[in-house]
Amino acid sequence: MMLSSGLFLFFLLHCGVQAKEFRVVHKGIPGTLTHRIYLKNSEGVPISPFHDIPLKVRDGVYNMIVEIPRWTNAKYETTKEVELNPIIQDTKLYDGVRTVRYVDNIFPYHGYMWNYGAFPQTWEDPDFIDPHTGVGGDNDPVDVIEIGKHVGFVGEVKQVKVLGVLALLDKDETDWKVMVIDINDPLAPFLNDIEDVQNELPGLLAASRDFFRNYKFPQSGRYNTFGFDGKWQGRDFTENILEETHGKWKELLDRKEKGKIMTENVTNKNSPFYIKSKEAQKLVRNNPDYEPDKSPDPPASLQRVHHVTRSVSEPVCAAKDQAVCEAA
């Protein structure tokens, strides 16, 4: 049975199994500048996905927030500019008009090939020159790509384990891309470090790097570059990066002057911009009602598939089958 674009959007925004302590609340019209997705805790209090969800669940297990479900194009992200940091669809200027942003289809992919999102309570500080890349951070939470079999939904909070990281350099900014897997995924027991991904899912590392090199090319005309010559780094290195960016987030949260990044939160009582639950509820109520029936169809340009010069160079055979691969 084929789903209409409206029903498909509804499924991606609402369906799935959410971590029991969080639920999503939609405001405005999906596919427009009014749409905002807030998170509430188990007590029904609105929270900030940036500041109120712990980075770590326990040793080796982290929280991630799904912003873009696998195989979709709408560029949702946790906003920094609005109190409580709701998830919104990113914007872009098209013919001089600001409208919501979609990521182009780069052959052979449709949208994003994984559940894409962010780690809470992390921040890539633009003023901190990373010794590994030589440039500052991109001013956002650390990005996550979750490679499990289940398609997530916008605002879902997944518990994941870290596998490795790619050092993307985007316009002279460090933009870490951390690969993880849902701890409930059937493959999770077999994936503990980045080498395991190549063994169990041959080709995924190369394809993921290929995507990040090319995905902005149709609109910008440029390819992204990488630190470490494009080589994936392992779990231990990645967890050190997360600890470092978690420390930078703590510094951000403690800033006493209100800046461009909103730090209102309901759990960190000693932070300058801690707010009570009544104020958080008011911030959510001040948004227009959720009206999914008024959602416009995605732009026709999303039907197009762009072909760009490929960069995949890693072997696509699993290591355990390498002899067979070379013989072929």
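The paragraphs below set out a description of the structure included in this document. Quantities reported herein were computed from a predicted structural model and do not represent experimental measurements. (Residues numbered from 1 in each chain as written. Predicted model: local features only at pLDDT ≥ 70, side-chain atom pairs only at ≥ 80, totals over all residues. Heavy atoms only, no water.)

Within a regular beta strand, the side chains point alternately toward one face of the sheet and then the other, so they alternate between its two faces. Of all six residues that make up strand β2 (residues 36-41), five are buried, and the element is covered over most of its length. Both strand β1 (residues 22-27) and β2 contribute to a ladder of six bridges, which runs antiparallel. Within β2, the residue paired with F22 across the bridge is N41. Examined bridge by bridge, β2 and strand β7 (residues 87-89) share two bridges and lie antiparallel to one another. By the bridge assignment, I37 is partnered in β7 with I87. Bridge count between β2 and strand β3 (residues 46-47): two bridges; the pairing is antiparallel. Looking at β3, one finds that L39 is bridged to I47. From the end of β2 to the start of β3, which pair antiparallel, there are four residues, and G44 there has a positive phi angle of about 80 degrees. (Buried < 20%, exposed > 50% of the residue type's maximum accessible area, 1.4 Å probe, protein only. Helix = DSSP H or I, 4+ residues; strand = E, 2+ residues; numbered from the N terminus. Pairing = 2+ DSSP bridges.)

This brings us to helix α5 (residues 235-253). Under the 1.5 Å per step criterion, the end-to-end length of α5 is 27 Å for 19 residues, consistent within 8% with the ideal 27 Å. In the core, the buried residues of α5 are packed alongside β5 (61-68), β13 (157-169) and β14 (174-182). (Expected span 1.5 Å × (residues − 1). Contact = heavy atoms within 4.5 Å.)

What follows is about the side chain of K161. Among the structural elements, K161 can be located in strand β13. Of the side chains bearing the opposite charge, D196 lies closest to the buried K161, which forms no salt bridge; the N-O distance is 7.2 Å. A distance of 2.5 Å separates a polar side-chain atom of K161 from the backbone oxygen of A188. Those residues within four positions of K161 in sequence are excluded, and the remaining contacts are G60, M179, V180, I181, I183, A188, P189, L191 and N192. (Lys, Arg positive; Asp, Glu negative; His and termini not counted. Salt bridge = Lys/Arg side-chain N within 4 Å of Asp/Glu carboxyl O. Polar contact = N/O pair within 3.5 Å; in protein donor to acceptor, adjacent residues only side chain to side chain.)

For the structure shown, the criterion picks out 14 salt bridges. Residue D90 is joined to R101 by a salt bridge in which the shortest nitrogen-to-oxygen separation is 3.0 Å. With D90 in the loop between β7 and β8 (91-94) and R101 in the loop between β9 (97-100) and β10 (105-106), this residue pair connects regions lying eleven residues apart in the sequence. Residues D90 and R101 agree in their burial class; the two are buried. When the shortest N-O distance is used, the salt bridge between K248 and E251 registers 3.9 Å. A residue pair is termed a helical-turn pair when its members lie 3 or 4 positions apart in one helix, as K248 and E251 do in helix α5 at three residues. One network of salt bridges, in which partners are shared, links D143, D175 and K177.

With that settled, the discussion passes to the packing of aromatic side chains. Within the structure shown, the criterion is met by 15 aromatic pairs. Relative to Y215, the ring of F211 lies with its centre 5.2 Å away and its plane at 15 degrees, an arrangement referred to as stacked. Here F211 matches Y215 in class, with each residue buried. Ring geometry for F228 versus F237: centroids 5.4 Å apart, planes at 85 degrees, classification edge-to-face. Its relative accessible area of 28% is what places F228 among the partly exposed residues. Taking the relative accessible area as the measure of exposure, F237 reaches 19% and is therefore buried. These aromatic residues form a ring-pair network of at least three members: Y109, Y112, W114, Y116, F211, F212 and Y215. Above the ring of Y223, the side-chain terminus of R213 is found at 4.1 Å from the ring centroid. (Phe/Tyr/Trp six-rings, centres within 6.5 Å; stacked < 30°, edge-to-face > 60°. Lys NZ or Arg CZ within 6 Å of the ring centre and 35° of its normal.)

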